[in-house]
Amino acid sequence: MNNIKILNDSFPRTIDVLNSSPVYDPKIRKEKINLLKKLLLEKDAKIIAHYYTHEDIQEVAEITGGNVSDSLEMAKFGANQSSKMLIVAGVRFMGETAKILNPEKKILMPTLEAECSLDINCPAPNLLEFCKKHPDRQIVVYANTSAEVKAMADWVVTSSIAVKVIEYLKEKNIKIIWAPDKHLGNYINQKTKADMKIWNASCIVHEEFKAKSLIKLMKENRDAAVLVHPESNLDVIKLADVVGSTSQLIKACENLPNKKFIVATDNRIFYKMRQAAPKKILIEAPTGGEGATCISCAHCPWMAMNNLDNLIDTLTHEKNEIKINEGIRKKAFISTNRMINFAKNL
């Protein structure tokens, strides 16, 4: 494993982001949503939002013909849209992925400050040096990476198809470099037994879930099913009834017979879970306990930077545009499009 380059204490804290974010009364909220409807029509634009953004953003995307989904479905939706402009509400790598797949479209984001700890901790020059030491391996990178990293990769994957892609490569006796999420990499390695060299980075949200505190909560809620995203530590994953991507966890919440769920992923997913299963009881998995820092407290600080105000500002002034060097974009398209095509056959 490579060393993590940037420590968690240098990242923004979710509580600080939320405390500085606008809060709307119902009347103002409605006015802002109506303005967004008007602007989206005028600009021939669609919103693509991640499950981890604020419910205001998710609602606007839904009612205006946009998309709310996980990283894979966001990428597929953007590639299938005729609108000339896409507003990507999420974090920077998601905007870059949209541009990689849609070079002819204008891709905007509510803020360009919305980063990802996985992306930050996998700089392309560092990964390149690591890969040079293992030239006999194919490079598989998680979608939570920069366009420059995707341009180096043979494959891009999301959590929803990562295991299947690695199984496919293992069947062909292909050795793998996996980057950047060490926890997802360890989970995949445990599932597939593939020959993997794993980069050392992690998600600041999912790394905060702690097994000891989760076990205590499970004892207090013995009838609850435990849903865990695979970016979590292996000792947390081992406690899960279902391990899966955000979309897979929402489906589990909807389809499992349990009336109560403990959920170990970003808590903004509750908006969609409550839509899918309105009678189910949802409980946040604990981020407290030994070894916890609560930088995120189960919500990504960068996802929290997206709000109705900066969404309106972006649309009005057509600012925060994602631009990628065309040579890099073309290389990144190959590995990213390979993910899209692989997913079509699942």
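Owing to the predicted nature of the structure, the values given are computational and were not obtained by experimental measurement.

Caption draft 1: Inspection of the pattern of salt bridges at higher detail. Scanning the entire structure with this criterion turns up 20 salt bridges. R13 is paired through a salt bridge with D16; the nearest N and O atoms lie 3.3 Å apart. On the basis of relative accessibility, which here comes to 44%, the residue D16 falls in the partly exposed class. Here E104 ties to K105 by a salt bridge, and the two come within 3.0 Å at their closest N and O atoms. The network of salt bridges with shared partners includes R29, D56 and E59.

Caption draft 2: Molecular detail of the packing of helix α2 (residues 26-43) against helix α3 (residues 55-63). Running from N to C, α2 and α3 cross one another at 40 degrees; their axes reach a closest spacing of 11 Å. Our classification of the angle between α2 and α3 gives oblique. Every pair of crossing elements has a handedness; the one defined by α2 and α3 is right-handed. Two secondary-structure elements touch here, α2 through R29, I33, L36, K37 and L40 and α3 through D56, E59, V60 and I63. Taken together, the residues of the contact of α2 with α3 break down into five nonpolar, no polar and four charged.

Caption draft 3: Representation of the environment of A98 within the structure. Of note, A98 is situated in helix α5 (residues 92-101). Residues A98 and F77, 21 residues apart in the sequence, show an inter-C-alpha distance of 9.2 Å. Apart from the residues within four sequence positions on either side, A98 is in contact with V88 and I107.

Caption draft 4: Focus on empty space enclosed by the protein. Evaluated as defined, the whole model comprises two cavities of 30 Å³ or more. Counted as a void, the largest cavity has a volume near 290 Å³. As for the largest cavity, its lining consists of 28 residues, and the residues nearest its centre are H50, Y52, M94, N144 and E231. Elements represented by at least two residues in the lining of the largest cavity include exactly α4 (71-79), α5 and α6 (117-120). For the lining of the largest cavity, the residue count by class is 14 nonpolar, 11 polar and three charged. Estimated volume of the second largest cavity: approximately 100 Å³. I48, S71, M74, A75, V88, F93, M94, T97, A98, A143, T158 and M339 together form the lining of the second largest cavity. Mapped by element, the contributors of at least two residues to the lining of the second largest cavity are α4 and α5. In terms of residues, the lining of the second largest cavity owes the most to one element, α5, which gives four residues. When grouped by side-chain class, the residues that make up the lining of the second largest cavity number nine nonpolar, three polar and no charged.

Quick notes on the rules
Residues numbered from 1 in each chain as written. Predicted model: local features only at pLDDT ≥ 70, side-chain atom pairs only at ≥ 80, totals over all residues. Heavy atoms only, no water. Salt bridge = Lys/Arg side-chain N within 4 Å of Asp/Glu carboxyl O. Buried < 20%, exposed > 50% of the residue type's maximum accessible area, 1.4 Å probe, protein only. Axes fitted to C-alpha atoms, helices over the stretch in contact; angles between N-to-C directions. Helix = DSSP H or I, 4+ residues; strand = E, 2+ residues; numbered from the N terminus. Parallel < 35°, antiparallel > 145°, perpendicular 65-115°, else oblique. Left-handed = near helix turned anticlockwise from the far one by under 90°. Contact = heavy atoms within 4.5 Å. Nonpolar A, V, L, I, M, F, W, Y, C, P; charged D, E, K, R; others polar. 1 Å grid on protein atoms, 1.4 Å probe; cavity = no way out; pocket = protein on both sides within 12 Å on 5 of 7 lines; lining within 4 Å. Points joined across faces, edges and corners; volume = space filled by probe spheres on them.

Nothing here speaks to function; it is all geometry.
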